[in-house]
Amino acid sequence: RLAQLLKQGKRTWASPYLIMVAQFEAGDTARAYGLLAKLERERDLNLVRLRCAPEIDAERGNPRLDSALKRIPAFPLR
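The text that follows walks through the structure, step by step, so that each part is easy to find. Here, residues in each chain are numbered from 1, in the same order as that chain's written sequence. Residues qualify for local features only when their pLDDT is at least 70, as the model is predicted, and side-chain atom pairs are given and counted only at 80 or more; totals for whole chains, interfaces and linings, by contrast, use all residues. Based on all heavy atoms of the structure, the side-chain values leave hydrogens and waters out of the count.

Let's talk about the packing of aromatic side chains
Centre distance and the angle of the planes are the two values used to describe a pair of aromatic rings.
Point 1. Stacked, edge-to-face and tilted labels apply to pairs of Phe, Tyr and Trp rings (six-membered ring for Trp) whose centres lie within 6.5 Å, assigned for plane angles under 30 degrees, over 60, and everything in between, in that order. If you walk through the whole model with that rule in mind, you get one aromatic pair.
Point 2. For the pair phenylalanine 24 and tyrosine 33, a centre-to-centre distance of 5.0 Å together with 90° between the ring planes defines the contact as edge-to-face. For the pair formed by phenylalanine 24 and tyrosine 33, the shared burial category is buried. The buried label goes to any residue with under 20% of its type's maximum accessible area, the exposed label to any with over 50%, and the partly exposed label to all in between, with areas taken from a 1.4 Å probe on protein chains only.

Things to note about the environment of leucine 35
Point 1. A run of DSSP states H or I qualifies as a helix once it reaches four residues; a run of E qualifies as a strand once it reaches two. Both are numbered from the N-terminal end. Examined against the element boundaries, leucine 35 turns out to sit in helix α3 (residues 29-41).
Point 2. By relative accessible area, leucine 35 is classed as buried at 16%.
Point 3. Considered as a pair, leucine 35 and valine 21 are 14 residues apart in the sequence and their alpha carbons are 9.5 Å apart.
Point 4. Any pair of residues with heavy atoms lying within 4.5 Å of one another is described as a contacting pair. With sequence-adjacent residues up to four places away left out, leucine 35 is seen in contact with Pro16, Ile19, Met20 and Gln23.

Some details on the pattern of salt bridges
Point 1. The term salt bridge refers to a side-chain nitrogen of Lys or Arg lying within 4 Å of a carboxyl oxygen of Asp or Glu. Taken as a whole and judged by the stated rule, the model has six salt bridges.
Point 2. Glutamate 42 is paired through a salt bridge with lysine 38; the nearest N and O atoms lie 3.2 Å apart.
Point 3. In this structure glutamate 42 comes out as partly exposed when scored by relative accessible area, which is 40%.
Point 4. With relative accessibility at 37%, the residue lysine 38 sits in the partly exposed group.
Point 5. Residues joined in a network through salt bridges with shared partners are Arg1, Glu25 and Glu55.

Focus on α3
Point 1. Helices are assigned an expected span. That span is 1.5 Å times one less than the residue count. Between its first and last C-alpha, α3 extends 18 Å over 13 residues, near the 18 Å set by a 1.5 Å rise per residue.
Point 2. For α3, the set of buried residues is Ala32, Tyr33, Leu35, Leu36 and Leu39. Projected down its long axis, α3 carries its buried residues within an arc of 165°, all on one side. Of the exposed residues in α3, those oriented more than 90 degrees away from the buried face are Ala30, Arg31 and Arg41.
Point 3. Looking at the packing, one finds that the buried side of α3 touches α2 (16-26) and α4 (63-71).
Point 4. Of the residues flanking the end of α3, it is arginine 43, one or two places downstream, whose phi is positive at about 55°. Here the arc refers to the set of directions running from the helix axis out to each C-beta atom.

Remember that the coordinates give geometry; whether it matters functionally is a separate question.
Here is the structure:
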């Protein structure tokens with residue numbers, strides 16, 4: 001899935017949020033956390049979906065992810 005999204009992103013637009021989730025799912029956590037930080041700075045509204053994304057379950061309990069989830073509001077603030 002990650003490879004497909006990255007390939008799509010080269011041809012057209014691919015959702016950075018979906019790429020980040022696929023990176024977590026693929027175990028590419030360094031890039032996933034980098035993209036998560038970027039999406040936080042941009043206040044990407046899709047981040048509210050991260051709380052219930054089953055693709056990141058392997059990372060739950062990681063202090064880095066837990067900290068990020070606390071910073072993300074439960075509802076979009078825009």
